[in-house]
Structures are given as structure tokens and as C-alpha cells.
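# Examining the three-dimensional arrangement
Each chain, letter by letter, is given below.
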Amino acid sequence: MNVPAPKTLNPTYQPRDIEPKWQAKWQEAGVFAVPPTHLPDGTVDSRPKYYVLEMFPYPSGRLHMGHMRNYTLGDVLARAHRMAGYRVLYPLGWDAFGLPAENAALQAQVHPREWTVKNIDTMKKSLTRMGLSYDWNREFKTCDPSYYVHEQRLFIEMWKRGLAYRKAAVVNFCPTCATVLANEQVEDGRCWRCQSLVEQKELEQWFLRITAYAEELLADLSLLEGKWPDKVLNMQRQWIGRSEGAVFRFSLEQPGPHGSAVEIFTTRPDTLFGVTFLAIAPEHALALSLSQGTPQETAVGDFVKQYQRQDRATRNAEELAKEGVFTGAYAIHPATQERIPIYVANFVLMEYGAGALMGVPAHDTRDFTFARAHQIPIRVVIQPTNSSVEVFPLREAYTGPGTLQASGVFTGQANDEGSAAIVAWAEKNGWAKPSVQYKLRDWLLSRQRYWGCPIPMVRCLQGGHGYQPVPEGQLPVSLPEEVDFQPGGSSPLQRHPTWKHTTCPVCQGPAERETDTMDGFMESSWYFLRYPSATYTEGMIDAEGVSFLPVDQYIGGAEHATKHLIYARFFTKMLRDWGVLPSSLKEPFSSLLTQGMVLKDAHRCPTHGYLYPEQVTHDKHCKECGQPVQTVERTKMSKSFRNVVEPLPLMEKYGADTARLFGLFAAPPDTVMEWNDVAIEGVHRFLQRVYRLVARTLELPKTEPPSAAEERAMTRLMHQTIRRVTHDVFVRKQFNTAIAALMEWTNVLTEQSQALTGTTPPWIASIETLLQLLNPMAPHLCEELWQALGHETLLVQTAWPVHNDQLAAEDTWQIVIQVNGKKRAEIAIPAQSSEKDVHTQALQTANVAEHTKGRIIKKMIYVPGRLLNIVVGE
Ligand code: ANZ
């Protein structure tokens, strides 16, 4: 091998000098840009594509450890795949609309755009400092009209196809943010951003019909099995929440202007004969009218008022106190003709099923509690096979399977069979139909805020044309820059003196623009389509862009499981149905990696609350008052816990390569990562060792080739390490074990280097391969050392090393010998020995001979090259 001429190397590792230098060189050489498939010279780039993407950041202005971990994972995959010969698309943009920008405008009197742009600038500098290999040519921010124009076209198309519509709805309203919130944005009855108690208001809103895709969104989760974390798949299944059952119609005893029947949804038609009450939601049209003129009228009125104000999440919670009030009215049981009392109850949700249920106290826990509280009769209609359930003394509902009893002609049937038979019979008689319900609700899109994408619709004021889309030639509908930020119920767009006034596209008469803007989750539902076609202006994505889909590896937080990750799937399926995306594209993200959180101990003083690390003494006392502090172990990094580690100072101290490596080494990517000051020192020392190893190599003269045996041993370890690291990086995506393999190898090489009197081709090959394998994780250091070894070409442009199984094979096998499953010896035997040779040598080993002496060998189980289990008996 031709050993290149060495260059000089600074005697000590100085990441602060090395890192910016290489970042500039990579930029200059344009090594991270993805050229078009069809090059101007007529050639076609036929490398396989690899699209790796991290969930794009909200430009809050701060880069935290979570970001750092997230982006390093993506960068390692991008860099490794580039070296392995893929055409890698690895872009970043900005999720730039959202409330914090608008809140900043309210508080600090800066325009949201200015705030956002400034933050993007700061964050981009930090990301660049980390040495991330993005193709910045594809960067965009979602608050630019050139981005959201595509979203407005998409909305109009959805409206034309009936997938966007308006509906009056009881909505979650945050009084502090003065905006409507989607169900997903209410957490424990509070606003997800400001934690204010959420109120309920009835307002006309824009919705997106995601429920049209409920079935497919659920079914296609099976395509993601093994490629997405089970946890995320299960959360989506629950969220979509498919229930099979039936709708039954119960006639009212006294039909009135409100109708003659009440419909209920049940998943347990088998319990029909056990129904002893009905319950309807407080918002149900019948709630007030049924009680009219009955002594219950006031009680029902008060109850309805009270619960209409309660937010959806609380109403839905398991621990909600089950309350209800009798309406004074009765229904007639369709099978038994009995009178069934109708209640209004808080645990019945208007949005689910028919907004009403049939109560079966004997077989449903909730109904049981309710019946006891309201002295409602209990009727047992299912008997378990091996015991018996009687009304007295029934302590709890029997919810298990069994045989139907007291169920007319269905008595004696197994309950699951009975269920189908009852529905079929009732359907024939005209008072039931099978029904499938989903928990998934249509997506409430409108927000009464300024800093979002304008909804491109206008309302005709005089001509009676209702809502009309803004004509294509007038798109994008851009946000006005001059607005007045006053907190209040209406959006600043509503208060703008001129912006909303326009003309009706149908009659040219006066019209008003929609002043609501879109939910911020809209921009993130399709942004991954934009990077591959970043410069295409005619539409969202062109053929070239499509060729990069789907995203091969998506990386982000599991907290997006039921929001962004469902919306993006919905949009992909919808755009495929429209022909914008190919029919073969079923899912947007082939593989999903949800990275674990970064945790760190926090310290709390009984008097001074949470303390910064520098406020705590070595023996864990508060520096202020001397009291012992309580350690809250492994808690989420958060400003309020004062346990945040800032990435920038960390990179200043140790360099970006150490910070990157620590994030990768501390834990597998999908598990929580614990912050540890000792470990960061540890990875820093490892990089210094690599540096010294190369420095030592450069000091030595070239010498004669080593002995064949030495060369063989060196080459073997190199090929074994290539094999391990390649598998860990490309297949397992477990970078911590890849780094461990490189650390082990470095230790061996360091030890050998001490005795070395000169460098030889296999030695240089080892050192260079070490740098190539470490390069995706610590790219700056490796590039510097690569250059020091005399290379003119950039390390990032070299090919990923490929191992050779033969060269990696051991000369000898270490085989564990067990007798009846217990380890008795370990033998070394030339590799590739026959099974018979292994038997012979094993039986001759003293400890094995002793344990088999005088016993009959029944069987020998052999795992080639690894293990022999001798099964003996008397
Ligand atoms: C009678 C019955 C008997 C029920 C029994 C359950 C057990 P999932 O599985 O979540 O879909 N239900 C129907 N509509 C409701 C509404 N709008 N709000 C609250 N609860 C409602 O739940 C379906 C069950 O929840 C239905 O089946 C109904 O109670 C209740 F032994 O009907 B069941």
C-alpha cells in the first residue's frame, strides 16, 4: 500500500481550532448538497436514495440537549449512508408559526416575524457549531408565503372535495391564549401551552375530515409493525379507537316535537335484555326537551348548564365522578316493552356514538355504580360457566363471558354468539343496525390567532354565496405585517382596518376574508414533501421530489404519536388519492426512531427550592442555608428544575465532537439518556486517545512489513470491528455499541503503538479505518487526523469500509463445553474443525471426562464454533 506523506499535527487536541475549520471546508466543497438526479451533462445519478429526517424544530431561540441528541442521531445516519454510497437527502427547516412568537409580540412588542427570524438565526448558528451535515439549500421556514401558498391550495382542494368544512361545535377555549384548542392540545383539562383551565364554547369552526381515513389509518399501522416503536403504534390504535357494535332505537313513551325515539350505540348487544336505564349526554337535543313540563325540568336544566361548561378531557377521564339526573321521561324497551327511565349523565359524550347509551348495571362497572346511586334495578343476563351471578348480593358488575339468561329466545346461547343473533333479529325488526364507531374526531383547524397560515376563504356578504375559496390568481393570501397585538377574544386579523375586506369571487359584491388562521400542526403535516422539491414553485412536490419518498428514517419525540404522526399519515394518503403522490406510496415514514429524553438529577433545598448545581456543596448541602438538599433523581431537564445543561457552553468546553459522542454513547437512541459529568470526560479522553494514536503514528518511520502472523492478527481485528460497527450503525442503529467497539479497538491499537518501532501498511490501514468508522460520530476530529495522515481528499468523501468475512474469521474457536447444560470447560480448537474433532477434544478435557465418567452419553448438541452440550444419563 502506498503510505501518504504525513503532515504536521498540533501536539494536543484542540477542538475549538479544528471544528470551525472543517465546517467551512465542507461547506466550500458542497459535500452535503444533493444534486439533481439528471445532471446537466446528461448523466443520471443512479445511487440508491436515503432520506433521513428529524422532526423540524420550532424556533424558540434555544437549543437544548434534546435537540442535540435528536440531530446527532440523524447526522450519524446521514454521514454513514453518504459514505456507504447512498444519495442522502438530509435537510432542515423551521416550524415557524405558533403561539410563542405571538406571545412574544404581546409581551416584548416585537413582531412575530422578527422574533422568529432572529431565533432561527441563533439556532442555526448553534446547529452549525455541532457540525450537522444538512443540505441547507433546501431550508425553508413555514411562515413564508412561498411555503404556505401550497398549504392554501391544499386547503382549497380539500374544501372542494368535502374534506374541509365548517361546523358549529362545542370547542375547547383557552381564556388566556384567547384561542380554540384542538382536543390534542388539552392536557388534563388545561391548555397544553399555558396550563390555564380550558372552557367550553360553541363556535363555528373549520374542520378537516380526517375521519374519512380512520379505517385506513388504522389498518395500515400493520405495515409499520417492527419499523415504528410498538408504543407509538399502540397509541395510534387507541387514538383512532375502533369499536364494533350496533345502534339500537328505543321509542319514547311519549313522542313529542323532539321526535319519537332515542338512538344509542352499544358494543355489547348481547346485554340488551339487561338494560334498565338509558343515559344521554347533557348536550343531547333531547336533554332539555324530555324534561319539559315534568317535575324534573329545573334539575335537568341546572345539570345541563353545569356540565356543558366542563372540558372534554375531564368529561372523558376514568376518574370523573359519575353523575346524572332523571329526565322524568321513559323509553320503551324494544324487546320486552318495559318502561326504561331516561337519565342525563355527565359520562355520556355527545361526540361519541349516538351521544346516548343503554345502561346495563349487571355487566358494566360504570352502569353498576350509577344504578346503585340512583336506585335503578339490576338485571343479570349473562352467567359465567363455572359459577353463578345473582342480583343479590351482587357487589360488582360481572363483565366476563358466559351464557345468556333471561334473554327471551336467546337464552342459553353463548354471549358472543348471542350478540350477533340479537343484532340480526333486531335489524330484521327495524330497530337496529350494525355500526362501527371511531374515537378519532375530525381535526378542528381554525385558530383565532394572527401568527398562522391564513385560511384562504372569503364569505360573500350580500350575494348569498356563502364561503368561497380565494381564486388561484390571488394566492397566496399573505398575512398583513402591520397588526395590532392586543389580547382579546378575536384575532388581530379581525381587528385589522382593511385586510379582511375583499370581494366575492362569484358576484364581485362585498365579501369578508376568513380571519381565523390554521392550526400549526397543518404546516408539519406535509413539510417532508417540500424538502425534496424545495425549489419547485408550481406545486408542493414534483417528480424529482417524489423519487425521494418515503422518508427512510424519521427521528423525533414519541410525544407526537397522536398529533403530528397521525396528521402526516392522513395527508400522505389523501395526496395519494388525489394523484399528487404515487399510488404505491402508502406511508410517509418507513422507519421511525423515537429518541428518549435527556434526564439529569435535580437538587431541592427545603427552604430555597430547586438549586443550580453550583448552589450545592460537594456533600449535598444548600450553599445558602446549609440544610441538606434532597436529590430528585433522573428527572427531565427543565428550567424550573434548574438542571438544564446548555449545549453551547458544553461545546465550548469540550468541542462538538465530544458533545456529539457523549449523546450517542450514553444510551441506546430510543431509551432515556442520563446526564453524567464523568461520562462526558470519559468520551473526551477517548477522542484524545485517538488523537495521540495518530500523532504517535506520524512520529514513527516506515519499517519492514510485520510477520505474517502479526499482520493476520491486525487485519482480523480490523475486519471484525468493521463488521460490528457497520451492523450497529446501519442495521441496529445502536450507536452506543458501535462506539464501544471503536473504543476497544483503540485500546488495543494504543497498546500496540507503544512497542511499535515503525509503521507498516497494515498498521496504517487500521488507523485509517478507525478514522473512517468514527467519522460519522466525531467528524471534525477524524477529518483533521485524516488530513494529517497526508490525504488530499476529504474523509467525508471516502467510501465506508467493507469487511471481509474470511479475514475477520478467528484462527481458533473458543468452544464452551457443557454437561447437562452446565458449563464444565472451554476449549480452543482450530477454526473450521469438524464436529467430530470437537467431540473428541471435549471428551478428553479433564473436567468433562470427570463429569461424564461412568455415565451414558445420550446426546451431543453442537452450536458450530461456539458451544457443545453433552447430555448424559445413568
Ligand atoms: C351497553 C353495554 C353493556 C356497554 C356492557 C358496555 C358494557 P367503547 O368500547 O369505548 O367503544 N357508550 C356508548 N356511547 C357512549 C357515549 N356517547 N358516551 C359514553 N359512553 C358511551 O365503548 C362503548 C360502550 O360505551 C357502549 O357499550 C356503551 O355502553 C358506552 F356490559 O352499551 B355499552
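As a starting point, this report considers the structure included with it. All of these numbers come straight from a predicted model, not from anything done at the bench.

Below, the discussion takes up the overall build of the protein chain. Within the protein chain, the secondary structure is distributed over 26 helices and 33 strands. Across its three principal directions, the C-alpha atoms of the protein chain cover 110 × 90 × 70 Å. Expressed as a percentage of its 874 residues, the buried residues of the protein chain come to 54%. Contacts in the protein chain between residues at least 24 apart in sequence constitute 71% of all its contacts with a sequence separation of at least 6. About 38,500 Å² of surface is accessible on the protein chain, with carbon and sulfur atoms providing 51% of the total. Here the protein chain contributes 89 positive and 95 negative side-chain charges, whose respective centroids are spaced 2 Å apart.

This brings us to helix H3 (residues 99–108). Among the residues of H3, those classed as buried are Leu-99, Ala-101, Glu-102, Ala-104 and Ala-105. Where H3 is buried, its residues meet helix H4 (112–129) and helix H13 (492–495).

Moving on to the site of the ligand. Near the ligand you find 19 residues, and of these Ser-243, Thr-266, Leu-349, Tyr-352 and Lys-439 are the closest. Contact distances for the ligand include 2.5 Å between an oxygen atom and a side-chain N or O atom of Tyr-352. For the ligand, the accessible surface in isolation is 640 Å², of which the surrounding protein chains cover 85%. Broken down by element, the residue count for the shell around the ligand peaks at three residues, all from strand E13 (residues 356–359). Of the residues contributing to the shell around the ligand, the split by class is nine nonpolar, six polar and four charged.

Before going further, it helps to examine the pattern of salt bridges. A complete count under the given rule lists 47 salt bridges for this structure. In this structure, the salt-bridge partner of Glu-544 is Arg-87, at a minimum N-O distance of 3.3 Å. Taken together, the residues span a long stretch of sequence, with Glu-544 in helix H15 (residues 543–546) and Arg-87 in strand E2 (residues 87–89) at a distance of 457 residues. Its salt-bridge partner being Asp-577, residue Arg-576 comes within 2.8 Å of it at the nearest N-O pair. Taking relative accessible area as the criterion, Arg-576 reaches 13% and is therefore assigned buried. Beyond isolated ion pairs, a larger network of salt bridges with shared partners links Glu-216, Asp-220, Arg-569, Lys-573, Arg-576, Asp-577 and Glu-587.

Burial in helix H11 (residues 365–373) covers these residues: Asp-367, Phe-368, Phe-370 and Ala-371. The inward-facing, buried residues of H11 contact strand E10 (277–280), strand E11 (324–332), strand E12 (339–345) and E13. Where H11 begins, one side-chain oxygen reaches toward the backbone nitrogen of Arg-366, 3.2 Å away; that side chain belongs to Asp-364. Of the residues one or two after H11, Gln-375 is the one with positive phi, at around 50°.

The subject of this paragraph is the sheet that holds strand E19 (residues 457–460). Here we have four strands laid out as an open sheet, ordered E20-E19-E22-E21, and antiparallel in their pairing. The sheet is open, and its two edges are formed by strand E20 (467–469) and strand E21 (501–503), each paired on a single side. Within the sheet, the average angular offset between the axes of one strand and its neighbour, ignoring direction, is 45°. When E19 meets E20, the two strands line up antiparallel, connected through three bridges. Looking across to E20, one finds that Arg-459 is bridged to Tyr-467.

One open sheet holds the four strands; their spatial order is E4-E3-E7-E17, and the pairing between them is antiparallel. A strand with exactly one partner marks an edge of an open sheet, and here the two such strands are strand E4 (179–181) and strand E17 (443–444). Of the strand pairs in this sheet, strand E3 (residues 164–174) and strand E7 (residues 199–208) are connected by 10 bridges, and their pairing is antiparallel. Bridge pairing links Ala-164 to Leu-208 in E7.

This part covers the packing of aromatic side chains. Remark: the centre distance and the inter-plane angle together describe each pair of aromatic rings, the angle taken between the planes. All told, the structure shown has 40 aromatic pairs when counted by the stated rule. Centroid distance Phe-97 to Tyr-148: 5.7 Å. Interplanar angle 35°. Geometry classified as tilted. Of this pair, Phe-97 sits in the loop between E2 and H3 while Tyr-148 sits in helix H5 (residues 145–160), and the two are 51 residues apart along the sequence. Both residues of the pair, Phe-97 and Tyr-148, belong to the buried class. Between Phe-273 and Phe-410, the aromatic rings sit 6.2 Å apart at their centres with planes inclined by 50°, giving tilted as the arrangement. Taken together, the residues span a long stretch of sequence, with Phe-273 in the loop between strand E9 (259–266) and E10 and Phe-410 in the loop between strand E15 (403–404) and helix H12 (415–428) at a distance of 137 residues. Overall, the relative accessible area of 8% leaves Phe-273 in the buried class. Members of the aromatic cluster, each reached through a chain of ring pairs, are Phe-56, Phe-140, Tyr-147, Trp-526, Tyr-527, Phe-528, Tyr-531, Tyr-554 and Phe-589. Residue placement shows Lys-25 over the ring face of Trp-22; its charged tip is 5.2 Å from the ring centre.

Attention shifts here to unusual backbone geometry. For the bond from Leu-475 to Pro-476, the omega torsion is 0°, close enough to zero to count as cis. Turning to its location among the elements, Pro-476 is positioned in the loop between E20 and H13. Here the amide bond leading from Leu-549 into Pro-550 is cis, since omega sits at -5°, within 30 degrees of zero. Here Pro-550 shows up in the loop between H15 and strand E24 (553–556). The phi angle at Arg-642 is positive, at roughly 55°, despite the residue not being glycine. Residue placement: Arg-642 occurs in the loop between strand E28 (630–636) and helix H17 (647–654). Given the relative accessible area of 31%, Arg-642 is considered partly exposed. One non-glycine residue, Gln-832, adopts positive backbone phi at about 70°. Its location among the elements puts Gln-832 in the loop between strand E31 (822–830) and helix H25 (835–844).

Attention shifts here to the packing of helix H19 (residues 677–699) against helix H22 (residues 761–774). Across the interface, H19 lies against H22 with an axial gap of 11 Å and an inter-helix angle of 150°. The angle between H19 and H22 places the two elements in the roughly antiparallel class. When the axes of H19 and H22 are compared, the crossing they make is left-handed. Residues Phe-686, Leu-687, Val-690, Leu-693, Val-694 and Thr-697 of H19 touch H22, and the partners they reach there are Trp-763, Ile-764, Ile-767, Leu-770, Leu-771 and Leu-774. Class assignment for the residues of the contact of H19 with H22 results in 11 nonpolar, one polar and no charged.

With that out of the way, let us pick up the side chain of Thr-750. With respect to the element layout, Thr-750 can be found in helix H21 (residues 735–755). By relative accessible area, which is 19% here, Thr-750 ends up buried. Once you skip the residues sitting within four places of it in the chain, Thr-750 turns out to touch Arg-689 and Leu-693.

Tracing the backbone through its elements, the reader meets Gln-254 in strand E8 (residues 242–256). For Gln-254 and Ala-329, which are 75 residues apart along the polypeptide, the C-alpha to C-alpha distance reads 7.8 Å.

Conventions adopted
Residues numbered from 1 in each chain as written. Predicted model: local features only at pLDDT ≥ 70, side-chain atom pairs only at ≥ 80, totals over all residues. Heavy atoms only, no water. Helix = DSSP H or I, 4+ residues; strand = E, 2+ residues; numbered from the N terminus. Buried < 20%, exposed > 50% of the residue type's maximum accessible area, 1.4 Å probe, protein only. Contact = heavy atoms within 4.5 Å. Areas by Shrake-Rupley, 256 points an atom, 1.4 Å probe, with all protein chains shown as cover. Lys, Arg positive; Asp, Glu negative; His and termini not counted. Charge placed at Lys NZ, Arg CZ, Asp CG, Glu CD. Near = heavy atom within 4 Å. Polar contact = N/O pair within 3.5 Å; in protein donor to acceptor, adjacent residues only side chain to side chain. Nonpolar A, V, L, I, M, F, W, Y, C, P; charged D, E, K, R; others polar. Salt bridge = Lys/Arg side-chain N within 4 Å of Asp/Glu carboxyl O. Pairing = 2+ DSSP bridges. Axes fitted to C-alpha atoms, helices over the stretch in contact; angles between N-to-C directions. Phe/Tyr/Trp six-rings, centres within 6.5 Å; stacked < 30°, edge-to-face > 60°. Lys NZ or Arg CZ within 6 Å of the ring centre and 35° of its normal. Parallel < 35°, antiparallel > 145°, perpendicular 65-115°, else oblique. Left-handed = near helix turned anticlockwise from the far one by under 90°.

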